[in-house]
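Notes for the structure review
Listed below, chain by chain, are the residues.
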Amino acid sequence: MTMTPPAIMWFRRDLRLSDHPALLAAADSGEVLPLFVLDDRLLGPAGEPRKHFLYDCLRALDHDLGGRLHIAHGDPVKVVPEIARKLGAGSVHVSADTGPYGRERDEQVRTALGDIDFVRTGSPYAVTPGRVRKQDGEPYRVFTPFRRAWLDHGWRKPAKSGVDSARWTTLKGGRKIPAGKSELPAGERAALQVWADFRDGALADYDAGRDRPDRNGTSYLSAYLRWGCVHPRTLLADLGPGNETFRSELAWREFYADVLWHQPRTARENYDRKFDKFEHDSGRTAQRRFEAWCEGRTGYPVVDAGMRQLLAENWMHNRVRMIVASFLVKDLHVPWWWGARHFMRNLIDGDLASNQHNWQWVAGCGTDAAPYFRIFNPITQGEKFDPNGDYVRKYVPELRGVQGKAVHKLDKLPGEYPAPIVDHADERRVSLERYDAIRT
């Protein structure tokens, strides 16, 4: 009788056991070795918050696997084939990685495996990037028609749990999971609990509540989606006939992944190449202003509250992300990629496609770009979305003695709070002049 060779389930951005098509495909092959590779090319540029949350998620996955998760360290192009041959594996199973580095790495691994099958099943998205296209085969460049086509395309129902059908195997020589320090509960069970709490609570008021940083109106699922502790298909299957706003937020995530799939250069470069000629500030003044922005010392309360929330919690409310991004690019005239790098170093939910393209949206150089003349006024934005000043007072201790919405009035603020580093009205004019210069 011929024995079926074991398979490897190589986990990456899919750190869960339920709704996992790749795991089910691996389980069909016989015995399965669950593997995660600590890849320095990914860990090196990642910020500490994201790495620590990853380590905690790995620890949670290892627990759910009964301590069987095999941890390796090194270049996957060398490590995965070595482990596969040592195990005598007949196949290596993965969820498709659609990012620029992941695509290149996976092709190299596939080649290095030789006669060992490299099997891609599913992806971290409800609809794998590249699948939704116009009738002429071209990719969508604007979100709204993409969303319509994405909804029309649809997605499969959640897959059954892979833990019930898999026969796990182990291999000697695995590394220990590095220590994690994240305060955010990690792993699949935590993700499903966060989703259940949101679905049964704040989702009902999500249309309005999501824009209020002074309320708990968002899902707090972004970090879990980043590492695949929960699949978006699971969330979509739970949504009722309404909830279009939350469904659209998931569609934005899929849209930006699709943009990156078709144009990998946009992870580092302007989507709209006209902006390659856009004038940015440089030198010591620009650097000092950038540092003040990073530290939450701009003299604009809602901006400073957002930046201090980022430093304190490694997360920032989405509306405030747009406000602080607009201030950096359009009031301080600093390149968007300075801010994008700072976010990726500090955000626990840092995701390349979403982060880079949301920054470009604000800067005006991306897809669905906000009109160049749309420059957020940091004072009126604070008054509108933090009307009682509770969000500002939570993160800016110097302003806790200022009552109500007066916390947004620059002429009402105490002397120990920094003076505004720029005049918004003046810098708005400068931005408009620079935008006009590349559009003529």
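Quick note: structure is the one above.
Residues numbered from 1 in each chain as written. Predicted model: local features only at pLDDT ≥ 70, side-chain atom pairs only at ≥ 80, totals over all residues. Heavy atoms only, no water.

What to know about helix H14 (residues 318-331)
- Look at H14: 19 Å from first C-alpha to last across 14 residues, which is about the 20 Å you get at 1.5 Å a residue.
- Of all 14 residues in H14, 13 are buried; the element is thus mostly enclosed.
- His333 sits one or two residues past H14 and shows a positive phi near 60°. (Helix = DSSP H or I, 4+ residues; strand = E, 2+ residues; numbered from the N terminus. Expected span 1.5 Å × (residues − 1). Buried < 20%, exposed > 50% of the residue type's maximum accessible area, 1.4 Å probe, protein only.)

Some thoughts on the side chain of His20
- For His20, the location among the structural elements is in the loop between strand E1 (7-10) and helix H1 (21-27).
- Assessed through its relative accessible area of 0%, His20 is described here as buried.
- Side-chain polar atoms of His20 contact the backbone oxygen of Asp14, separated by 3.2 Å.
- Apart from the residues within four sequence positions on either side, His20 is in contact with Met9, Phe11, Asp14, Ser95, Ala159 and Lys160. (Polar contact = N/O pair within 3.5 Å; in protein donor to acceptor, adjacent residues only side chain to side chain. Contact = heavy atoms within 4.5 Å.)

Thoughts on the packing of helix H11 (residues 244-262) against helix H16 (residues 352-363)
- Relative orientation of the contacting elements H11 and H16 amounts to 95°, with a least axis distance of 8 Å. On the basis of their axis angle, the class for H11 and H16 is roughly perpendicular. Taken together, the residues of H16 that come into contact with H11 (itself represented by Arg253, Tyr256, Ala257, Val259 and Leu260) are Leu352, Ala353, Ser354, His357, Asn358 and Trp361.
- Of the residues contributing to the contact of H11 with H16, the split by class is seven nonpolar, three polar and one charged. (Axes fitted to C-alpha atoms, helices over the stretch in contact; angles between N-to-C directions. Parallel < 35°, antiparallel > 145°, perpendicular 65-115°, else oblique. Nonpolar A, V, L, I, M, F, W, Y, C, P; charged D, E, K, R; others polar.)

Here we look at the packing of aromatic side chains
- Throughout the structure, instances matching the rule amount to 26 aromatic pairs.
- Here the aromatic rings of Trp150 and Trp155 are separated by 4.6 Å at their centres, their planes lie at 40°, and the arrangement is tilted.
- Residue Trp155 is classed as partly exposed on the basis of its relative accessible area of 27%.
- Note on Trp336 and Trp337: the rings are 5.6 Å apart at their centroids and 85° apart in plane angle, and the pair reads as edge-to-face.
- Given the relative accessible area of 29%, Trp337 is considered partly exposed.
- A network of ring pairs unites the aromatic residues Tyr140, Phe143, Phe146, Trp252, Phe255 and Tyr256 as a single cluster.
- Arg103 extends its terminal NZ or CZ atom over the ring of Trp261, reaching a point 3.6 Å from the ring centre. (Phe/Tyr/Trp six-rings, centres within 6.5 Å; stacked < 30°, edge-to-face > 60°. Lys NZ or Arg CZ within 6 Å of the ring centre and 35° of its normal.)

Examining helix H3 (residues 48-64)
- For H3, spanning 17 residues, the distance from its first C-alpha to its last is 24 Å, which sits close to the expected 24 Å at 1.5 Å a residue.
- Summarising burial for H3: 14 of the 17 residues are buried, a large majority.
- Just downstream of H3 lies Gly66, where phi reads positive at about 70°.

Details of the packing of H14 against helix H19 (residues 424-439)
- Two numbers describe how H14 lies on H19: the axes approach to 9 Å, and their chain directions differ by 70°. On the basis of their axis angle, the class for H14 and H19 is roughly perpendicular. Between H14 and H19, the contacting residues are Val329, Lys330 and Asp331 on the first element and His424, Glu427, Ser431 and Tyr435 on the second.
- A breakdown of the residues in the contact of H14 with H19 according to their chemical character gives two nonpolar, two polar and three charged.

Quick word on the pairing of strand E4 (residues 91-94)
- The two faces of E4 match: Ser91 and His93 on one face and Val92 and Val94 on the other face are all buried.
- Where E1 lies against E4, three bridges are found, and the strand directions are parallel. In the strand pairing of E4, Ile8 is matched with Val92.
- Here four bridges tie E4 to strand E5 (residues 117-120), and the two strands are oriented parallel to one another. Each residue of the ladder has a partner; that of Val92, found in E5, is Phe118.
- Each parallel crossover has a hand, and for E4 linked through helix H5 (residues 100-113) to E5 it is right-handed. (Pairing = 2+ DSSP bridges. Right-handed = clockwise from strand over helix to strand, strands pointing away.)

Description of the nonpolar core
- If you look at the biggest cluster of nonpolar residues, it comprises 104 residues, and the most contacted ones within it are Leu15, Phe36, Leu58, Phe246, Trp293, Val303 and Trp359.
- In terms of residue count, H14 provides more of this core than any other element does, eight residues in total.
- Aside from chain neighbours lying at most four places away, what touches Phe36 is Phe11, Arg12, Leu15, Leu54, Leu58, Leu69, His70, Ile71 and Ala72.
- Of all hydrophobic cores here, the second largest spans 20 residues; its members include Leu33, Leu35, Val37 and Val109. (Core = buried A, V, L, I, M, F, W, Y, C linked by side-chain atoms within 4.5 Å.)

Let's talk about the pattern of salt bridges
- Within the structure shown, the criterion is met by 29 salt bridges.
- In this structure, the salt-bridge partner of Arg189 is Asp64, at a minimum N-O distance of 3.4 Å. Of this pair, Arg189 sits in helix H7 (residues 188-199) while Asp64 sits in helix H3, and the two are 125 residues apart along the sequence.
- Here the residues in one salt-bridge network are Arg12, Asp97, Arg105 and Asp106, joined through shared partners. (Salt bridge = Lys/Arg side-chain N within 4 Å of Asp/Glu carboxyl O.)

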